[in-house]
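Here's the letter readout for the chains.
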Amino acid sequence: MRKWEEICEDPSLRDLPYKIETNRFGQIVMSPASNWRGGFQSDITRKLAELLPGGRVITECAVETTDGVKVPDVCWVSKERLEPYKRAFTMPIAPEICVEVWSHSNSVVEMMGKMQLYFARGAEEVWFCDENGAISFYRHDAAGATESKLCPSFPVKLEW
């Protein structure tokens, strides 16, 4: 099974137009990139940095899970949580907020599975952005949340 560091340093994988993750068997799983997904990732990154200045916004932060390395599209992590891992290839604990922007290739089962993996690694919130820019907020401590507890002024809809 290849280590995440080896995958990151593999020159044949550097310029792929895909987001790379692994599954529990160490196999590489790729998701295609698209302009609208990248646009929403940028919007979310910018808005989180503006509204939560006390931490760090990271795009494609590698998180070790029981199902391999998963890479949320955007994360917000407190400085304290990030400090021991800021130079690491992966984090063994999830950032406080993990955001996934849905693509056409994602299934509900896959995305709900990722949410559970992030919560199991300590995420406090998992957000999903759909292809229309609507944000769904999920919290480890509240079923049916309609807003973020950590960033309550984050909009429920992004314009594209």
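Residues numbered from 1 in each chain as written. Predicted model: local features only at pLDDT ≥ 70, side-chain atom pairs only at ≥ 80, totals over all residues. Heavy atoms only, no water.

A.B. asks: Would you explain the sheet that holds strand E6 (residues 74–78) in this entry?
C.D. replies: Each strand in a sheet pairs with its neighbour through backbone hydrogen bonds, running either in the same direction (parallel) or in the opposite one (antiparallel). Read from one edge of the open sheet, five strands run E3-E6-E7-E8-E9, paired in mixed fashion. Every interior strand has two partners, whereas the edge strands, strand E3 (55–59) and strand E9 (135–139), have only one. Strand-to-strand twist across the sheet, computed as the mean angle between neighbouring axes with direction ignored, equals 15°. Relative to E6, E3 runs antiparallel, the two sharing five bridges. Pairing of Val57 across the sheet is with Trp76, part of E6. (Pairing = 2+ DSSP bridges. Helix = DSSP H or I, 4+ residues; strand = E, 2+ residues; numbered from the N terminus. Axes fitted to C-alpha atoms, helices over the stretch in contact; angles between N-to-C directions.)

A.B. asks: Any chance you could explain unusual backbone geometry here in plain terms?
C.D. replies: Glycine aside, residues mostly have negative phi angles, and peptide bonds mostly take the trans form. Not every positive phi belongs to a glycine, and Glu60 is a case in point at roughly 55°. In this structure, Glu60 sits in the loop between E3 and strand E4 (63–65). When its relative accessible area of 43% is taken as the criterion, Glu60 is described as partly exposed. (Buried < 20%, exposed > 50% of the residue type's maximum accessible area, 1.4 Å probe, protein only.)

A.B. asks: Sorry if this is basic, but what is going on with helix H4 (residues 108–120) here?
C.D. replies: For an α-helix, 3.6 residues make a turn, and residues three or four places apart therefore share a direction. The terminal C-alpha atoms of H4, which comprises 13 residues, lie 18 Å apart, in line with the 18 Å expected from a rise of 1.5 Å per residue. Burial in H4 covers these residues: Met111, Lys114, Met115, Leu117, Tyr118 and Phe119. Gly122 sits one or two positions beyond H4 and adopts a positive phi of about 105°. (Expected span 1.5 Å × (residues − 1).)

A.B. asks: Which parts of the structure should I look at to understand the pattern of salt bridges?
C.D. replies: Close approach of charged atoms lets side chains of opposite charge pair. Summed over all chains, the structure comprises nine salt bridges. Its salt-bridge partner being Glu50, residue Lys47 comes within 3.6 Å of it at the nearest N-O pair. With Lys47 and Glu50 both in helix H2 (residues 35–51) and three residues apart, this pair spans about one turn of that helix. Classification of Lys47 by relative accessible area gives partly exposed; the value is 25%. A salt bridge links Glu124 to Arg81; its shortest N-O distance comes to 4.0 Å. Taken as a pair, Glu124 in the loop between H4 and strand E8 (125–129) and Arg81 in helix H3 (residues 79–82) lie far apart in primary sequence, 43 residues in all. When salt bridges that share partners are traced, they join Arg81, Glu96 and Glu124 into one network. (Salt bridge = Lys/Arg side-chain N within 4 Å of Asp/Glu carboxyl O.)

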